[in-house]
Amino acid sequence: MAENALGTDPEWVDELLLGGDPGDVCLRLPDPVDRATLRRLVADARTRLAGAGLRRGGAVALRLPPSLAYVVHLLATWRSGGQAILLDHRLTDHEVDRALERLTPQVVVAPVRTGGGGLRIFHDVTAGVQAYSDRPAGTGHAVIQLSSGSTGPSKVIGRTGADLAAEVLRYTHIDGVALPGERIILLPSMVHVLGLVGGLLYGLHARVELVPPQRLSGDAILAAVAERDTPATVLGVPFHIGLLASTTPTGPLPQLKRMTTGGELVPAAVARAFTDRYGVPLGNMYGMTEVGVIGTDLYGRHRPAIAPAPGIEVRESSTGELWVSCPTNPYVGLADPTRWADGWLHTRDAGAVDPDTGLVTIKGRFDSQVSVGGMKVDLTEVESTLTGLPGVASAVVVWDDGITAYVQPDGPLTTDALDELLAQRLAGYKRPRNLRLLDQLPRTTTGKLVRSATALRAAGS
Amino acid sequence: MAGRPDLGRADLVTMLAELNATPVEQVSERVGSMELAWLVHLVEQRYDRRLDLTDEQLASVRTVDDALAVFHASLTAAADG
């Protein structure tokens with residue numbers, strides 16, 4: 001199964017994703033894009049990628065915001081027998097350069113023009129295709145994703161075509177997902193696993209129309225739901241529940257079938273505010289970039305627990321860490337038995353598995369990862385970046401209602417200057433929301449930096 | 001008085017407190033992209049109109065005061081126009 005996907009026949013893309021009735025609409029942007037159009041755009045993109053030097057077994061780095069250009073070049077890469085390296089468009093040049101040097105794609109696809117107003121969910125992009133290297137892909141994975149890492153550069157996570165196909169099929173066996181002929185109102189980025197597999201790939205496979213709202217606001221989400229008569233599932237992250245819970249619908253919305261979110265757990269009060277207002281189930285999903293969807297509670301019946309997805313096994317380790325079945329090591333160039341060993345992914349989430357029902361409850365992180373709007377950020381990456389900046393003697397980064405950094409300068413330094421430097425090195429969602437300069441960071445009697453949010457807050461006030 | 005920029009800093013701070021379910025006094029002066037989307041959403045609801053902010057305007061917002069300035073400009077322009 002998890003073979004070298006680049007060695008397998010790239011027709012899996014046609015069979016799993018692009019097949020079906022040419023007249024079927026697969027995307028509404030808001031203009032409908034049917035399968036015949038998508039296939040034509042993918043064929044055109046294949047020609048451009050080959051012209052820029054993509055060969056079967058080579059990689060393409062996609063540095064595109066969610067857009068039709070992204071969808072088309074992703075599918076074209078796979079259909080050409082290539083590996084897609086997904087780079088969040090919010091990453092800085094510094095972060096992207098480091099990834100490219102390490103992963104040596106043959107081709108880089110980036111916008112030459114991005115249109116549309118602010119707060120767009122789906123962008124109007126003209127893509128530029130450029131040669132980068134002449135090396136083959138380093139691994140046989142179909143997709144490479146970066147995850148915020150604790151030791152400088154990001155962790156590199158690879159998934160094979162067979163693994164992606166298995167996840168798409170897993171979705172088809174989950175009760176409560178959008179059904180053929182229905183719509184997904186798509187809010188999460190398609191560059192990350194929930195939007196990519198749970199939205200784009202599942203939608204293409206199951207003949208579910210994908211509808212990104214015109215912009216990121218409660219009104220625009222409801223307008224997308226109301227636009228057609230077919231049942232609609234809103235797919236998002238917890239932030240989007242708050243948006244909808246604070247929006248007053250202008251009329252009845254019989255099409256709204258369910259809202260499903262991935263990411264961190266939603267406080268009970270927020271969940272209640274949403275269900276009181278809309279009267280539809282609020283589903284919850286648990287997944288990771290490494291394996292995709294792990295478990296779901298799409299009817300909101302088990303909150304906060306989830307039931308493992310079909311074909312996924314979850315167990316509780318002797319230390320109370322959740323382990324998830326994952327046949328091959330998903331980390332590229334990393335053999336760390338504390339992250340993956342013997343077919344089990346060590347999630348670093350504390351949790352419990354009910355021996356009677358098999359339901360899984362997640363209790364929080366064991367490590368320094370936090371979730372910012374559904375995006376994982378490792379606080380040690382932020383801290384090591386800060387510590388490496390000129391003018392910084394030492395820094396501590398903690399979670400205190402947001403990423404909070406305390407910095408001890410070793411010379412003249414302002415928060416504005418630090419902001420400027422950080423903006424060149426870290427994507428916006430990784431940057432501290434609170435940034436405090438302290439003459440002296442608090443230390444323990446043995447000289448270690450204090451990491452208690454309360455003590456740091458006291459020192460900073 | 002739709003369109004008059006009677007929007008104050010305290011209003012924005014209250015909105016941010018609601019987003020993070022934190023006391024008003026703990027709201028950070030700095031505004032990230034998600035906080036900004038939340039503020040735009042609530043200001044639009046309050047004035048029952050769409051703020052047509054450009055990417056450049058949104059990118060210029062780093063603090064509550066920046067957000068207030070951008071909202072005032074947009075609401076004033078809409079009222080004048």
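Note that this is a predicted model, so its numbers are computed, not measured. Counting starts from 1 at the beginning of each chain's written sequence and moves along it residue by residue. Written order decides the labels, with chains lettered from A and ligands numbered from 1. Reporting of local features is limited, given that this is a predicted model, to residues whose pLDDT is at least 70; pairs of side-chain atoms are given and counted only at 80 or more, and all residues count toward the totals for whole chains, interfaces and linings.

A. Local environment of the overall build of chain A. Along chain A, the regular secondary structure elements total twelve helices and 25 strands. Restricting the calculation to C-alpha atoms gives the radius of gyration, and the globule rule supplies 2.2 Å times the number of residues raised to the power 0.38. The C-alpha radius of gyration computed for chain A amounts to 22 Å, which stays within 12% of the reference 23 Å derived for 461 residues, consistent with globular compactness. Dimensions of chain A, computed from C-alpha atoms along their principal axes, come out at roughly 70 × 55 × 50 Å. When burial is assessed residue by residue, chain A has 49% of its 461 residues classed as buried. What counts as a contact here is a pair of residues whose C-beta atoms, placed from the backbone, lie within 7 Å. Once local pairs closer than 6 in sequence are excluded, the contacts in chain A between residues at least 24 apart make up 63%. Helix and strand definitions follow DSSP, with helices as H or I runs of at least four residues and strands as E runs of at least two, each counted in order from the N terminus. With C-beta atoms placed from the backbone, a residue counts as buried when 20 or more other C-beta atoms lie within 10 Å of its own, as exposed when 12 or fewer do, and as partly exposed for counts between those limits.

B. Region of the structure containing the overall build of chain B. Secondary structure summary: chain B contains four helices and zero strands in total. Each helix and strand of chain B, ordered N terminal to C terminal, gives the series α-α-α-α. The buried share of chain B, reckoned over its 81 residues, is 35%. For chain B, the share of sequence-separated contacts (at least 6 apart) that also reach a separation of at least 24 residues comes to 61%.

C. The arrangement of the interface of chain A and chain B in detail. Taken together, the 19 residues of chain A in the interface contact 22 residues of chain B. Broken down by element, the side of chain A that touches chain B gets its largest block of residues, three residues, from helix α8 (residues 238-245) of chain A.

D. Structural context of the UniProt feature "domain: AMP-binding enzyme C-terminal" (unreviewed entry) in chain A. UniProt positions are given in the numbering used here, feature names are shortened, and annotations may be inferred rather than shown by experiment. In this structure's numbering, the residues bearing the UniProt feature "domain: AMP-binding enzyme C-terminal" (unreviewed entry) are residues 381-448 of chain A. This span, residues 381-448 of chain A, is 26% helix and 28% strand, and a straight line between its end C-alpha atoms measures 19 Å.

E. Inspection of the domain arrangement of chain A at higher detail. All names here are of chain A. Once the domains are mapped, chain A shows domain 1 (5-283) and domain 2 (374-460). As annotated, the domain borders come from an automatic or database domain assignment. Relative placement of domain 1 and domain 2: their C-alpha centres are 33 Å apart. The interface is formed by 15 residues belonging to domain 1 together with 14 residues belonging to domain 2. Throughout this entry, Asp, Glu, Lys and Arg are counted as charged residues, while Ala, Val, Leu, Ile, Met, Phe, Trp, Tyr, Cys and Pro are counted as nonpolar. The remaining residues, Gly among them, count as polar. The residue inventory of the side of domain 1 that touches domain 2, partitioned by class, reads three nonpolar, nine polar and three charged.

F. Representation of the sheet that holds strand β5 (residues 107-115) of chain A in the model. Residues and elements named next belong to chain A. When DSSP finds two or more bridges between a pair of strands, those strands are recorded as paired. Taken in spatial order, the six strands make up an open sheet running β6-β5-β3-β4-β7-β8, and their pairing is mixed. What marks the edges here is a single partner per strand, and that holds for β6 (124-131) and β8 (155-159). Strand-to-strand twist across the sheet, computed as the mean angle between neighbouring axes with direction ignored, equals 25 degrees. The axes used here are C-alpha line fits, helices contributing only the stretch in contact, and every angle between their N-to-C directions lies in the interval 0 to 180 degrees.

G. Structural detail: the nonpolar core. For the purposes of this analysis, a nonpolar core is taken to be any set of buried Ala, Val, Leu, Ile, Met, Phe, Trp, Tyr and Cys residues that are connected through C-beta atoms within 7 Å. Within the largest apolar cluster, 135 residues are counted, with the highest numbers of intra-cluster contacts made by V60, L62, I85 and I185 of chain A together with A67 of chain B. Dropping the residues within four chain positions of it, A67 of chain B is found in contact with L12, V31, L36, L39 and V61 of chain B. Counting residues in each nonpolar core, the second largest holds 22 residues, with A395, V397, V398 and L426 of chain A among its members.

H. Seen up close, the pairing of strand β3 (residues 59-62) of chain A. Residue and element names in this part refer to chain A. Across the two faces of β3 the burial is the same, with A59 and A61 and V60 and L62 all buried. In the sheet, β3 pairs with strand β4 (residues 83-86) via four bridges, with the strands oriented parallel. Residue pairing in the sheet places L62 in a bridge with L86 of β4. Regarding the hand of the β-α-β motif, the stretch spanning β3, helix α3 (residues 68-79) and β4 is right-handed. In this structure, β3 lies alongside β5, joined through three bridges in parallel fashion. When the strands point away from the viewer and the connection leading from the first strand across the helix to the second strand turns clockwise, the crossover is called right-handed.

I. Spotlight on helix α10 (residues 379-387) of chain A. Among the residues of α10 of chain A, those classed as buried are L379, E381, V382, E383, T385 and L386 of chain A. Where α10 of chain A is buried, its residues meet β21 (369-372), β22 (375-378), β23 (392-399), β24 (403-409) and α11 (415-425) of chain A.

J. Local environment of the sheet that holds β24 of chain A. Residue and element names in this part refer to chain A. Pairing within the open sheet is mixed, and its three strands lie in the order β23-β24-β25. Among the strands making up the open sheet, the edge pair consists of β23 and β25 (434-437). Going from strand to strand, the sheet's axes swing by 20 degrees on average, the running direction of each strand aside. Alignment of β24 against β25, held across four bridges, turns out to be parallel. Bridge pairing links A405 to L435 in β25. Sitting on the sheet, α10 is in contact with β23 and β24, with an inclination near 160 degrees to β23.

K. View of the environment of R55 of chain A. Residues and elements named next belong to chain A. Following the sequence through the fold, R55 ends up in the loop between α2 (35-51) and β3. You can call R55 partly exposed: it has 15 C-beta atoms within 10 Å. Between the C-alpha atom of R55 and that of A178, which follows or precedes it by 123 residues, the distance is 36 Å.

L. Seen up close, unusual backbone geometry. Residues and elements named next belong to chain A. The residue after L29, namely P30, is reached through a cis peptide bond having omega -5 degrees. Along the chain, P30 turns up in the loop between β1 (25-28) and β2 (32-34). For the peptide bond that leads from R303 to P304, omega is 5 degrees, which places it in the cis range. Locating P304 in the fold gives a position in the loop between β14 (292-297) and β15 (307-308).

M. Main features of the pairing of strand β20 (residues 360-365) of chain A. Residue and element names in this part refer to chain A. The sheet contact formed by strand β19 (residues 344-353) and β20 spans five bridges and is antiparallel. Counted as the bridge partner of A350 is G364 from β20. Two successive antiparallel strands, β19 and β20, enclose a turn made up of six residues, where G358 displays a positive phi of approximately 80 degrees.

N. Looking closely at helix α2 (residues 33-47) of chain B. All names here are of chain B. With 15 residues, α2 ought to run about 21 Å at 1.5 Å a step, and its terminal C-alpha atoms sit 21 Å apart, in line with that. Across the 15 residues that make up α2, a large majority, eleven, are buried. Restricting attention to buried positions, one finds in α2 the residues M34, E35, L36, A37, W38, L39, V40, H41, L42, V43 and Y47. With its phi angle positive at about 50 degrees, D48 sits one or two positions after the end of α2. Here the expected length of a helix is defined as 1.5 Å per residue gap, with one fewer gap than residues.

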